[in-house]
Amino acid sequence: MADYLVNSLGFSREQAISASTKAPKLKSMENADSVIGFLEKFGFDETQIHTILLGYPSFLHLDVDETLTPKIRALQDFGLSESFAINLVASNPEIMRRDLKSAIFPKLEWLKSILGSDENVLKAIRRWSWLLSGGNLAQMQENVILLQKHGVSSERIQKLVLLHPRSLLYRPEHLEGSLIKVEQDMGTKPESAMFIHAVSLMLICGEEALRSKFDVFKSYGWTETDITKLAKKQPVVFKCSCDMLESKLNFLMRELGYGVEYILQHVALLTLSLENRIVPRAAVFHLLKENKLLKNNFALYTVLCFKETRFLSELVMPYKELLPEMYDAYLNKRMGSRTESEK
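This structure is a prediction, so every number in the text was calculated from the model and none was measured.

An account of the overall build of the protein is needed here, citing residue identities and associated values.
Assigned secondary structure in the protein consists of 21 helices and 0 strands. Here the C-alpha radius of gyration of the protein, 25 Å, is well above what a compact globule of 343 residues would show, namely 20 Å. Out of the 343 residues belonging to the protein, those deemed buried represent 46%. Long-range contacts, defined here as pairs at least 24 residues apart, represent 68% of the contacts in the protein between residues at least 6 apart. Carbon together with sulfur atoms contributes 48% to the accessible area of the protein, which is approximately 17700 Å² in total.

Could you give an account of the pattern of salt bridges, with specific residues and numbers?
Applying the stated rule across the entire model yields 9 salt bridges. A salt bridge links Glu119 to Lys123; its shortest N-O distance comes to 3.9 Å. Of this pair, Glu119 and Lys123 both sit in helix α8 (residues 118-127), 4 residues apart, which is roughly one turn of that helix. We classify Glu119 as exposed; its relative accessible area is 53%. Take Lys123: its relative accessible area is 41%, and that puts it in the partly exposed class. Where salt bridges share partners, they join Arg211, Lys218 and Glu224 into one cluster.

Please set out the confidence of the model for the protein residue by residue, giving values where relevant.
Predicted confidence across the protein gives a mean pLDDT of 88, with 97% of residues reaching 70 or more. A low-confidence stretch, residues 338-343 (pLDDT under 50), is modelled with 0 contacts involving residues beyond four sequence positions or located in other chains.

Could you give an account of the packing of aromatic side chains, with specific residues and numbers?
The final tally for this structure, using the stated rule, is 10 aromatic pairs. Taken together, a centroid distance of 5.2 Å and an interplanar angle of 75° make the contact between Phe214 and Phe238 edge-to-face. Of this pair, Phe214 sits in helix α14 (residues 207-218) while Phe238 sits in the loop between α15 (224-233) and α16 (242-255), and the two are 24 residues apart along the sequence. Taking the relative accessible area as the measure of exposure, Phe238 reaches 0% and is therefore buried. Measuring from ring centre to ring centre gives 5.1 Å for Phe311 and Tyr330, while their planes differ by 50°; the resulting arrangement is tilted. One end of the pair, Phe311, is in helix α20 (residues 308-316); the other, Tyr330, is in helix α21 (residues 324-342), and 19 residues separate them in sequence. Through pairs of rings, three or more aromatic residues link up here, namely Phe214, Phe217, Trp222 and Phe238.

Please set out the environment of His61 residue by residue, giving values where relevant.
Mapped onto the secondary structure, His61 falls in the loop between α4 (46-55) and α5 (64-77). His61 sits 212 residues away from Ser273 along the chain, and the two C-alpha atoms are 44 Å apart. Not counting the four nearest positions on each side in its chain, His61 is found in contact with Met1, Pro24, Lys25, Leu26, Lys27 and Asn31.

Which residues make up α5, and what are the values?
Regarding α5, the residues found buried are Val64, Thr67, Leu68, Lys71, Ile72, Ala74 and Leu75. Its buried side turned inward, α5 meets α3 (29-42), α6 (82-91) and α7 (100-115). Two or three places before Asp65, at the opening of α5, Asp63 has a side-chain oxygen 2.9 Å from that residue's backbone nitrogen. Trailing α5 by a residue or two, Gly79 shows a phi angle of about 105°, which is positive.

Account for unusual backbone geometry, with residues named and values stated.
The phi torsion at Lys292 lies on the positive side, around 55°, for a residue other than glycine. Here Lys292 is to be found in the loop between α18 (274-290) and α19 (300-305). On the basis of relative accessible area, Lys292 is assigned to the exposed category, the value being 74%.

Describe in detail the nonpolar core, supporting the description with residues and values.
Residues Phe59 and Trp222 are the most contacted members of the largest nonpolar core, which totals 124 residues. Counting residues per element, this core draws most heavily on α7, which supplies 9 residues. Not counting residues within four places of it along the chain, the set of residues in contact with Trp222 comprises Phe217, Ile227, Leu230, Leu249, Met253, Val260, Ile263 and Leu264.

Before we move on, can you summarise the side chain of Arg281 with the specific residues and values?
Structurally, Arg281 is set in helix α18. A polar contact of 2.9 Å, which involves the side chain of Arg281, links it to the backbone oxygen of Val303. Within the structure, Arg281 has its side chain in polar contact with the backbone oxygen of Leu304 (distance 3.3 Å).

Lay out the packing of α3 against α5 in plain terms, naming residues and giving numbers.
Contact pair α3 / α5: the axes reach a minimum separation of 11 Å and the direction vectors enclose 20°. Considered as vectors, α3 and α5 are oriented roughly parallel to each other. Classified by chirality, the crossing of α5 by α3 is right-handed. Residues Ser34, Val35, Phe38 and Phe42 of α3 pack against Val64, Leu68, Thr69, Ile72 and Gln76 of α5.

Rules used throughout
- Residues numbered from 1 in each chain as written.
- Predicted model: local features only at pLDDT ≥ 70, side-chain atom pairs only at ≥ 80, totals over all residues.
- Heavy atoms only, no water.
- Helix = DSSP H or I, 4+ residues; strand = E, 2+ residues; numbered from the N terminus.
- Rg over C-alpha atoms; globule rule 2.2 N^0.38 Å.
- Buried < 20%, exposed > 50% of the residue type's maximum accessible area, 1.4 Å probe, protein only.
- Contact = heavy atoms within 4.5 Å.
- Areas by Shrake-Rupley, 256 points an atom, 1.4 Å probe, with all protein chains shown as cover.
- Salt bridge = Lys/Arg side-chain N within 4 Å of Asp/Glu carboxyl O.
- pLDDT = per-residue confidence, 0-100.
- Phe/Tyr/Trp six-rings, centres within 6.5 Å; stacked < 30°, edge-to-face > 60°.
- Polar contact = N/O pair within 3.5 Å; in protein donor to acceptor, adjacent residues only side chain to side chain.
- Core = buried A, V, L, I, M, F, W, Y, C linked by side-chain atoms within 4.5 Å.
- Axes fitted to C-alpha atoms, helices over the stretch in contact; angles between N-to-C directions.
- Parallel < 35°, antiparallel > 145°, perpendicular 65-115°, else oblique.
- Left-handed = near helix turned anticlockwise from the far one by under 90°.

Right, here's the structure in full:
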């Protein structure tokens, strides 16, 4: 299969080897060609075909006449637009081996009633494909009823599913336990805009992991009350690892001298990248300040929140000739960050 993916579809050798380990050996090149021809004829582009085969290379084993054609026809008969059907299959190709009428269509109808549009249904499925291909519909419905009983509005349920689709697939007792902990332990109420983020956090991390993260804050002098305030304001902070939280708090509190109250008033500090934004921008800021070159009375926090284009135009580019080492160091750091993100 690896050779076929490389020679016929332009996969890299690494991609092809990775994909081929997920499927049986390709028995018929003619069948594989027929599958690709079918997809191209129906309107799948090269990127979508690659996405399908990277995630589900067994797709090449499907029979065009017995499986693909009737399944695509069923999707059309169900009323899906061509673009929606293409995106649906591309994001979740395993549905082509499922009984669409009994296993897939009821979920699609229900998800649309919860999420409001085909676009939102696709967003949720792309984030967690098991939502459609493996989730138990009765359990998903029970979880929505549970959220409603706890006072979560339809709008916030929709946002929770888009943020964390897997929330519908947890056992109801696990979901309810998380809802209770968010309300009682974190003090975040269902009417709060942060509630769905806190629930998502509790589901992803679990109570034990969260306690470990709370302990990191306590080691820097934060009280339970301080941590609860932070959790209410910006629960996504706790999605960082303990090591990352340690590094951020060490730099913000010991290197920059920020106190607990200041950070609580400027919680965005804990959501910014330490390596790619806080450290390099702080270095530029302090160098300019030492040389009395800051033209405006900016606080460091303000500078950290600038968009990159503004930061460059106001605090880096004007000093290219005067402070060439600072200019080079910042741009090199910026290019290094881009390179890392592209790996």
